[in-house]
Amino acid sequence: MDEPEKKRPNAEYPLLKTNDDGKELVFYYSRERRLENASQEVQDLYKGSPRKKSGFFRSLTSTKPLAFLFVSILILSAMIMVISSLGLADSSRTLGGNRLTVSAIRFDGATFFVLTKTYKEGTESYTGLVDIAVSPVVKESEGEYPVFNHRVFFSLSTEEDYRFSVPFEAEAMILVLQGETGLVNFTVKPK
């Protein structure tokens, strides 16, 4: 038994487009016609016109936003260099050739301090007793304020940490360090 020949569901529609003459259309590829609608950059690429030279500086300033960003970075870098060279950002002090830094933290009604002493080897630096006085920063109208005294000994070590606590808290503290060779003061805001 022969099966009937299978037909497409849309057999009455032609698969190929034809002219009015009934002939099939022939499609030609025309690069010129295609490039007429392309952007100027694409047209320049196909013409073989020389590209702009690329470079590090040109890539940083090729557009206005990039140029503004580049100039901003230069200005900020210059400001950071000036501030660091003048020592405005440095919170350390020097006492007898020793470089001192202080940090503090408040906890449970007390303030804990860390005094770090460093010096460069081969330089003259003070060794001996250093008296420390700690007091909260108060206004004159607030009356009396507590003063805590502590004593440490600077040795010949290139770096030393001295830890001590005071039995009170404040938003800001004044530390006065006095050795035989001088006097240094710090204003510290505990964290």
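What comes next is a walk through the structure. No experiment lies behind these values; they were computed from the predicted model shown.

1. What to know about the packing of aromatic side chains
Right, on to step 1. In the structure shown here, the tally under the stated rule is 3 aromatic pairs.
Right, on to step 2. For the ring pair Phe-113 and Phe-164, a centre distance of 5.3 Å and an interplane angle of 15° mean the geometry is stacked. Of this pair, Phe-113 sits in strand β3 (residues 110–118) while Phe-164 sits in strand β6 (residues 159–166); the two residues are 51 residues apart in sequence, bridging distant segments of the chain. There is no split in this pair, since Phe-113 and Phe-164 are both buried.
Right, on to step 3. Relative to Tyr-162, the ring of Phe-154 lies with its centre 5.6 Å away and its plane at 25°, an arrangement referred to as stacked. As far as the burial class goes, Phe-154 and Tyr-162 line up, both buried.
Right, on to step 4. The ring of Phe-154 carries the charged tip of Lys-117 above its face, separated from the ring centre by 5.8 Å.

2. Description of the nonpolar core
Right, on to step 1. Counting residues in each nonpolar core, the largest one holds 23 residues, and the members touching the most others are Phe-113, Phe-154, Leu-175 and Leu-177.
Right, on to step 2. Taken together, the elements giving at least two residues each to this core come down to β2 (98–107), β3, β4 (128–136), β5 (148–154), β6, β7 (173–179) and β8 (182–188).
Right, on to step 3. In this view, Phe-113 contacts Val-102, Ser-103, Ala-104, Val-134, Tyr-162, Arg-163, Phe-164, Val-166, Met-173 and Leu-175; residues no more than four positions away in its chain are not counted.

3. Re the environment of Thr-61
Right, on to step 1. Note on placement: Thr-61 falls in the loop between α3 (56–60) and α4 (64–86).
Right, on to step 2. Here Thr-61 falls in the partly exposed class, since its relative accessible area comes to 25%.
Right, on to step 3. Residues Thr-61 and Val-71, 10 residues apart in the sequence, show an inter-C-alpha distance of 9.1 Å.
Right, on to step 4. Those residues in contact with Thr-61, other than ones at most four positions away along the chain, are Ala-67 and Phe-70.

4. Overview of the sheet that holds β3
Right, on to step 1. Within the open sheet, the 4 strands sit side by side as β1-β2-β3-β6. Their pairing is antiparallel. Edge positions in the sheet fall to β1 (93–95) and β6, since each of these pairs with one other strand and no more. Taking the axes of each pair of neighbouring strands and ignoring which way they run, one obtains an average angle of 30° across the sheet.
Right, on to step 2. Here β1 pairs with β2 via 3 bridges, running antiparallel. Pairing of Thr-94 across the sheet is with Arg-99, part of β2.

5. Things to note about the pattern of salt bridges
Right, on to step 1. Following the criterion strictly, the structure yields 4 salt bridges and no others.
Right, on to step 2. We note a salt bridge from Lys-117 to Glu-160, for which the minimum N-O separation is 3.2 Å. In this pair, Lys-117 is assigned in strand β3 and Glu-160 in strand β6, connecting sequence segments 43 residues apart.
Right, on to step 3. For the salt bridge of Asp-131 with Arg-151, the shortest nitrogen-to-oxygen distance reads 2.6 Å. Note that Asp-131 is positioned in strand β4 and Arg-151 in strand β5, a separation of 20 residues in sequence.

6. Section: the pairing of β2
Right, on to step 1. In sequence, β1 turns back onto β2 through a hairpin of 2 residues, with Gly-96 there showing a positive phi of about 60°.
Right, on to step 2. Taking the residues that link successive antiparallel strands as the turn, the β2-β3 hairpin has 2 residues, and the phi of Asp-108 there is positive, at about 55°.

7. Digging into the sheet that holds β4
Right, on to step 1. Spatially, β5-β4-β7-β8 is the arrangement adopted by the 4 strands of the open sheet, whose pairing is antiparallel. Edge positions in the open sheet fall to β5 and β8, since each of these has one partner strand only. Within this sheet the neighbouring strands show an average axis-to-axis angle of 20°, counted without direction.
Right, on to step 2. As paired strands, β4 and β7 are joined by 6 bridges and run antiparallel to one another. Directly across from Ile-132, in β7, lies its bridge partner Leu-177.

The rules behind these values
- Residues numbered from 1 in each chain as written.
- Predicted model: local features only at pLDDT ≥ 70, side-chain atom pairs only at ≥ 80, totals over all residues.
- Heavy atoms only, no water.
- Phe/Tyr/Trp six-rings, centres within 6.5 Å; stacked < 30°, edge-to-face > 60°.
- Helix = DSSP H or I, 4+ residues; strand = E, 2+ residues; numbered from the N terminus.
- Buried < 20%, exposed > 50% of the residue type's maximum accessible area, 1.4 Å probe, protein only.
- Lys NZ or Arg CZ within 6 Å of the ring centre and 35° of its normal.
- Core = buried A, V, L, I, M, F, W, Y, C linked by side-chain atoms within 4.5 Å.
- Contact = heavy atoms within 4.5 Å.
- Pairing = 2+ DSSP bridges.
- Axes fitted to C-alpha atoms, helices over the stretch in contact; angles between N-to-C directions.
- Salt bridge = Lys/Arg side-chain N within 4 Å of Asp/Glu carboxyl O.

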